[in-house]
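# Close look at the chain arrangement
The primary structure of each chain is shown beneath.
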Amino acid sequence: KFSEFKEMESLVESMLKQSKAQIFVINTTNYCIAADMDPKIYLPAEISVTKYDVLKGSFEEKFNVFCKPIIPLGFTLMVKEASENKLKVPFPEFEKALHYEEVATSISTFIAKNKGLKEMRKMTVFTHPKERETCIQNLAAVFGCPKDIPFRVMSLADIVAAFNNAKDDLRVTPATMADVLDHKKGGDEEGTYCNYHLVAQEDGDAYMPLCSTEVATKWIKYATQLLNPLYIKSRK
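## Observations regarding the sheet that holds strand β3 (residues 58-67)
Strands sit in the order β4-β3-β2-β1-β5-β6 across an open sheet of 6 strands; the sheet is mixed. In the strand order of this sheet, the two ends are held by β4 (97-98) and β6 (152-155), each with one partner. Bridge count for strand β2 (residues 41-53) against β3 is 8 bridges, and the pairing is antiparallel. Opposite Tyr52, over in β3, you have Phe59 as the bridge partner.

Okay, structure coming up:
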């Protein structure tokens, strides 16, 4: 029987043999999710991708992009309120927001670098399992439909648990790891905000915005704290 977790354990084993363990961590936010529509309509706001070097315990590169929403009839007020109160971005005109086609190209360019489409379809990015379905639907909105997303979106808890179990006799399950990585259950430690939200804070905005980059880097910090013995072992 196919198991995503067993697949991640095999991937981690292969990475450690090569002493190279870099993964992409993705997170998204929404202007709104039109749950009353059939099917649901997802309006992605900010999409962040961070390149995480597990052995070094640091994020090497980070990328984020804001989407220009295509708002269904009747949802303008909801998008306006989310923009101004939760996401802390201008509405209705936000000069940094890009059309979906441009967003798709930007994401693909960052993840694939010089790889072609065929090679990119073999790649995997990781998000918190609680965010996975929303992340996939947001990417589907950007790329056109789920089958057009040019990479797989898998559970960050699965691969972090696999790394933990590779270095520690005390095994943890992906479900336990999901709780450990949950930014809503964790401590007060902040992640790293995207440049736009960082500047907004410096300009005196006291309210902490919902920033996809901040959440993604917080997941990485939690994973780093947990996996620290792996880095020490790898440097001997």
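Moving on from the coordinates now.
## Here's the deal with the pattern of salt bridges
The full count for this structure, using the stated rule, is 10 salt bridges. The partner of Glu9 in a salt bridge is Arg171, with the nearest N and O atoms 2.8 Å apart. Of this pair, Glu9 sits in helix α1 (residues 4-17) while Arg171 sits in the loop between α6 (156-167) and α7 (174-181), placing them 162 residues apart in sequence. Given the relative accessible area of 52%, Arg171 is considered exposed. Linking Glu93 and Lys68 is a salt bridge whose minimum nitrogen-to-oxygen distance equals 3.9 Å. With Glu93 in the loop between α2 (76-87) and β4 and Lys68 in the loop between β3 and α2, the pair connects residues that are 25 residues apart, well separated along the chain. Take Glu93: its relative accessible area is 60%, and that puts it in the exposed class. The exposure class of Lys68 is partly exposed, given its relative accessible area of 28%.

## Some points on the packing of aromatic side chains
Within this structure, the stated rule accounts for 6 aromatic pairs. On the numbers, 6.0 Å between centres and 75 degrees between planes, the contact of Phe24 with Phe110 is edge-to-face. Taken together, the residues span a long stretch of sequence, with Phe24 in strand β1 (residues 22-34) and Phe110 in helix α3 (residues 100-112) at a distance of 86 residues. We note that Phe24, like Phe110, is buried. Considering the side-chain rings of Phe66 and Tyr196, the 5.6 Å spacing of their centres and the 70 degrees angle between planes classify their relative orientation as edge-to-face. Of this pair, Phe66 sits in strand β3 while Tyr196 sits in helix α8 (residues 195-202), placing them 130 residues apart in sequence.

Calculation notes
Residues numbered from 1 in each chain as written. Predicted model: local features only at pLDDT ≥ 70, side-chain atom pairs only at ≥ 80, totals over all residues. Heavy atoms only, no water. Pairing = 2+ DSSP bridges. Helix = DSSP H or I, 4+ residues; strand = E, 2+ residues; numbered from the N terminus. Salt bridge = Lys/Arg side-chain N within 4 Å of Asp/Glu carboxyl O. Buried < 20%, exposed > 50% of the residue type's maximum accessible area, 1.4 Å probe, protein only. Phe/Tyr/Trp six-rings, centres within 6.5 Å; stacked < 30°, edge-to-face > 60°.

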